[in-house]
Amino acid sequence: MSGYVLAKYIRLSAEDFDTGEKDKEESNSVVNQRELLNDFISRTPDFIGCEVLEFCDDGWSGTNFNRPRVQEVLKLAENGKIHCIVVKDLSRFGRNHIEVGDYLEQKLPEWGVRFIAVNDAFDSELYRGSTGGIDIAFRNLIYDLYSRDLSEKVRSSRITQAQKGKFFS
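Cut-offs and rules
- Residue positions are counted from 1 within each chain, in the order its sequence is given.
- Only residues with pLDDT of 70 or above have their local features reported here, since the model is predicted, and side-chain atom pairs are shown and tallied only from 80 upward, although totals for entire chains, interfaces and linings are computed over all residues.
- To get the side-chain values, all heavy atoms of the structure are used, and hydrogens and water are removed first.
- What we call a nonpolar core is a set of buried Ala, Val, Leu, Ile, Met, Phe, Trp, Tyr and Cys residues that are connected through their side-chain atoms within 4.5 Å.
- Each residue's exposure class comes from its accessible area (1.4 Å probe, protein chains only) as a fraction of the maximum for that residue type: buried when under 20%, exposed when over 50%, partly exposed otherwise.
- Working rule for contacts: check all heavy atoms of both residues, and any pair within 4.5 Å makes them a contact.
- Pairing of aromatic side chains requires ring centres within 6.5 Å, counting the rings of Phe and Tyr and the six-membered ring of Trp. Pairs whose planes differ by under 30 degrees are stacked, by over 60 edge-to-face, and all others tilted.
- Secondary structure elements are defined from DSSP: runs of H or I of at least 4 residues count as helices, runs of E of at least 2 residues count as strands, and each element is numbered from the N terminus.
- Criterion for a charge above a ring: Lys NZ or Arg CZ within 6 Å of the ring centre, and within 35 degrees of the ring normal.
- We define a salt bridge as a contact between a side-chain nitrogen of Lys or Arg and a carboxyl oxygen of Asp or Glu at a distance within 4 Å.
- Expected span of a helix, by definition, is 1.5 Å for each gap between consecutive residues, and there is one gap fewer than residues.
- Throughout, the bend at a residue refers to the angle made by two axes, fitted to the seven residues ending there and to the seven starting there.
- Distance and chemistry together define a polar contact, namely a pair of N or O atoms within 3.5 Å, with one atom able to donate a hydrogen and the other to accept it when in protein, and with adjacent residues in sequence counting only for side-chain atoms on both sides.

A.B. asks: Just to check I follow, could you spell out the nonpolar core for this structure?
C.D. replies: Across soluble globular proteins, you tend to see nonpolar side chains buried next to one another. Of all hydrophobic cores here, the largest spans 22 residues; its most connected members are I82, I85, F93 and F115. The residues touching F115, leaving out its near neighbours within four places in the chain, are I85, V87, L90, F93, L104, L108, F122, D123 and S124. Ranked by size, the runner-up nonpolar core spans 14 residues in total, among them Y4, F40, I41 and C50.

A.B. asks: Looking at this structure, how should I read the packing of aromatic side chains?
C.D. replies: The geometry of an aromatic ring pair is captured by the separation of the ring centres together with the interplanar angle, meaning the angle of the planes. For the coordinates displayed, the defined rule picks out eight aromatic pairs. Judged by centre distance (5.9 Å) and plane angle (80°), the ring pair of F93 and Y103 falls under edge-to-face. Of this pair, F93 sits in helix 3 (residues 90-93) while Y103 sits in helix 4 (residues 97-111); the two residues are 10 residues apart in sequence, bridging distant segments of the chain. By relative accessible area, which is 10% here, Y103 ends up buried. Arranged with centres 6.3 Å apart and planes meeting at 50°, the rings of F115 and F122 form a pair that is tilted. We classify F122 as buried; its relative accessible area is 4%. Each member of the aromatic cluster is reached from another via a ring pair, and the members are F65, F93, Y103, W111, F115 and F122. One cation-aromatic arrangement involves R67 over F65; the distance from NZ or CZ to the ring centre is 4.9 Å.

A.B. asks: Looking at this structure, I do not really get the environment of G49. What am I missing?
C.D. replies: By the secondary structure assignment, G49 is in the loop between helix 1 (28-43) and strand 2 (51-58). Along the primary structure G49 and V5 are separated by 44 residues, whereas in three dimensions their C-alpha atoms are 9.6 Å apart.

A.B. asks: Teacher, can you tell me more about the pattern of salt bridges here?
C.D. replies: Oppositely charged side chains may form a pair once their charged atoms are brought near each other. Taken as a whole, this structure holds eight salt bridges when the rule is applied. When the shortest N-O distance is used, the salt bridge between R114 and D46 registers 2.9 Å. Of this pair, R114 sits in strand 4 (residues 114-117) while D46 sits in the loop between helix 1 and strand 2, and the two are 68 residues apart along the sequence. With relative accessibility at 11%, the residue R114 sits in the buried group. Under the relative-accessibility criterion, D46 is labelled partly exposed at 36%. Of the charged contacts, one joins D123 and R114 as a salt bridge, the two residues approaching to 2.5 Å between their closest N and O atoms. Here D123 and R114 have matching classes, each one buried. Several salt bridges converge on common partners, so that one network encompasses K8, R34 and E54.

A.B. asks: Quick question: what am I supposed to make of unusual backbone geometry here?
C.D. replies: With the exception of glycine, the majority of residues adopt a negative phi angle, and the majority of peptide bonds are in the trans configuration. Notably, A121 is not glycine yet its phi reads approximately 55°, a positive angle. Relative to the elements of secondary structure, A121 occurs in the loop between strand 4 and strand 5 (122-123). A121 gets classed as exposed once you look at its relative accessible area, which sits at 63%.

A.B. asks: Just to check I follow, could you spell out helix 4 for this structure?
C.D. replies: The periodicity of an α-helix, 3.6 residues per turn, causes residues three or four positions apart to be oriented the same way. Here helix 4 spans 20 Å end to end across 15 residues, near enough to the 21 Å set by a 1.5 Å rise per residue. At Y103, helix 4 is bent by approximately 40°, the largest bend along its length. The complete set of buried residues in helix 4 reads V100, G101, Y103, L104 and L108. The opening residue of helix 4, the one whose side-chain oxygen lies 3.0 Å from the backbone nitrogen of I98, is N96. G112 occupies a position one or two residues after helix 4 and carries a positive phi of about 75°.

What follows is the structure, encoded as structure tokens:
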């Protein structure tokens, strides 16, 4: 597909701590996401000969879209310079179900951008003129609720540890 530009987007939250160990520059999850996406792209006939760009936000929360590389992807998509975005799953793109839904159902289709979430078996090409269905909406909601629940548990744990005299900086 000459002239077709595909963006693979990789994200890992700030809670991942395996970077810095033994001079690692990237976390295992980033490496694994890259391998999964590369394998998917290489096995998909639609993408033979296309230009593949990689964007990675390592150490950024998915609870909002204030991430440098996702902003770059979205700007390029809006300007017609990216034709397809591929992610591991919907939660890698974002965990705010309202924002993710807005991109999947409104903005990306308006810009003519195909969106694929490999592990969620979602390909917007299969849903032209309709939404991804109730299962995609629920999946986005679950990712959002999981993120909020985890945040509350981490906050509660830190308060408990501080009350025990442990120091966190």
